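# Fold and geometry: a report
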Amino acid sequence: MYLDPDVSQTVKILIVGHFGVGKTTCIASLSEIEPLRTEEEITEASEGFDDLTGTPHKKTTTVAMDFGRLTLSDSLVLYLFGTPGQERFKEMWEELSRGALGALVLVDPERLHESFPVLDLVESFGLTYAIGVNHFEGNTDYPLDEVREALNLTADTPVVKCDVRDEGSSAPALITLVQHLMTQFG
């Protein structure tokens, strides 16, 4: 990984979530560099593995990781790593979590049940996290306290709304995570 010698601190952040929640789109909206993407077309080989019910128009999927970079200040650069959303890539999550300071967990409020395995993984890796409730066109806009309760989150876990397609919306979600990390680690 490239480290800029003029930058005093670099931080590895994971962007995680279930299949089709918007991780690749989030990194693309935030990254100041052309993001690295490992997307491949969804083929018949994924039938029985990838449930497209909640994402009927999805044509590609991440098969390894996404990567982007975001400079927050002269002294803080974030390296953003997006994980694949499918359970079969669990080993990749474990590798990517090494050295990560925290995770932005993206959730789709219409498919919250798919978030529990993701939260279990994030917690098993000991990562501090914030929840980004991604907005999808035509979906119900649930109150954040209802999302918090449905996910059984602690009161100190930040939960924010975002639209990962829009940098002006995804950046505040990421900043919420960074602020939460600062309170955790001083």
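Everything below is about the structure shown above.
Residues numbered from 1 in each chain as written. Predicted model: local features only at pLDDT ≥ 70, side-chain atom pairs only at ≥ 80, totals over all residues. Heavy atoms only, no water.

### As for the pattern of salt bridges
- On inspection of all chains with the given rule, the structure shows 7 salt bridges.
- A salt bridge links Glu 95 to Arg 98; the nearest nitrogen and oxygen atoms lie 2.8 Å apart.
- Several salt bridges share partner residues, and in doing so they unite Glu 94, Glu 95 and Arg 98 into one network. (Salt bridge = Lys/Arg side-chain N within 4 Å of Asp/Glu carboxyl O.)

### Concerning the nonpolar core
- Ranked by size, the top nonpolar core spans 26 residues in total, and within it Leu 14, Val 16, Val 105, Val 122, Tyr 129, Ile 131 and Leu 151 carry the most contacts.
- Looking at which element gives the most residues to this core, the answer is helix α3 (residues 116-124), with 4 residues.
- Residues in contact with Tyr 129, not counting those within four places in the same chain, are Ala 103, Val 105, Leu 119, Val 122, Glu 123, Leu 153, Thr 157, Pro 158, Leu 177 and His 180.
- Core analysis: the second largest hydrophobic core is formed by 23 residues, Cys 26, Ile 27, Leu 70 and Ala 130 among them. (Core = buried A, V, L, I, M, F, W, Y, C linked by side-chain atoms within 4.5 Å. Buried < 20%, exposed > 50% of the residue type's maximum accessible area, 1.4 Å probe, protein only. Helix = DSSP H or I, 4+ residues; strand = E, 2+ residues; numbered from the N terminus. Contact = heavy atoms within 4.5 Å.)

### Details of the pairing of strand β8 (residues 159-162)
- By the bridge criterion, 4 bridges tie strand β7 (residues 128-134) to β8 in an arrangement that is parallel. Residue pairing in the sheet places Asn 134 in a bridge with Cys 162 of β8.
- In this view, the connection linking β7 to its parallel neighbour β8 by way of helix α4 (residues 144-151) has right-handed handedness. (Pairing = 2+ DSSP bridges. Right-handed = clockwise from strand over helix to strand, strands pointing away.)

### As for the pairing of β7
- The buried fraction of β7 is high, at 7 of 7 residues.
- Side chains Thr 128, Ala 130, Gly 132 and Asn 134 project from β7 onto one buried face, and the interleaved Tyr 129, Ile 131 and Val 133 project onto a second face that is buried too.
- For the crossover from strand β6 (residues 102-107) across α3 to β7, the handedness is right-handed.

### Quick look at unusual backbone geometry
- Even without being glycine, Asn 152 reaches a positive phi, approximately 60°.
- Along the chain, the position of Asn 152 falls in the loop between α4 and β8.
- On the accessibility criterion, Asn 152 (68% relative accessible area) is exposed.

### As for the packing of aromatic side chains
- Tallied over the entire structure, the rule returns 2 aromatic pairs.
- Between Phe 67 and Tyr 79 the ring centres are 5.8 Å apart and the planes differ by 20°, which places this aromatic pair in the stacked class. Taken together, the residues span a long stretch of sequence, with Phe 67 in strand β4 (residues 66-73) and Tyr 79 in strand β5 (residues 76-82) at a distance of 12 residues.
- Overall, the relative accessible area of 3% leaves Tyr 79 in the buried class. (Phe/Tyr/Trp six-rings, centres within 6.5 Å; stacked < 30°, edge-to-face > 60°.)

### Focus on the side chain of Asp 66
- Tracing the backbone shows Asp 66 in strand β4.
- On the basis of relative accessibility, which here comes to 1%, the residue Asp 66 falls in the buried class.
- A polar contact of 2.5 Å, which involves the side chain of Asp 66, links it to the side chain of Thr 24. (Polar contact = N/O pair within 3.5 Å; in protein donor to acceptor, adjacent residues only side chain to side chain.)

### Concerning the environment of Val 160
- If you trace the backbone, Val 160 turns up in strand β8.
- The sequence separation of Val 160 and Gly 132 amounts to 28 residues, and the corresponding C-alpha distance is 5.2 Å.

### A look at the sheet that holds β4
- If you walk across this open sheet you meet the 6 strands as β4-β5-β1-β6-β7-β8, and the pairing is mixed. The open sheet has two edge strands with one neighbour each: β4 and β8. Averaged over all neighbouring strand pairs, the angle between strand axes comes to 25°, with direction disregarded.
- Bridge analysis of β6 against β7 gives 6 bridges, and the strand direction is parallel. Paired with Gly 102 across the strands is Thr 128, a residue of β7.
- Across the sheet, α4 touches β6, β7 and β8, and the angle it forms with β8 is around 120°.
- Sheet contacts for helix α5 (residues 167-185): β1 (10-17), β4, β5, β6, β7 and β8; angle to β7, the most-contacted strand, approximately 160°. (Axes fitted to C-alpha atoms, helices over the stretch in contact; angles between N-to-C directions.)

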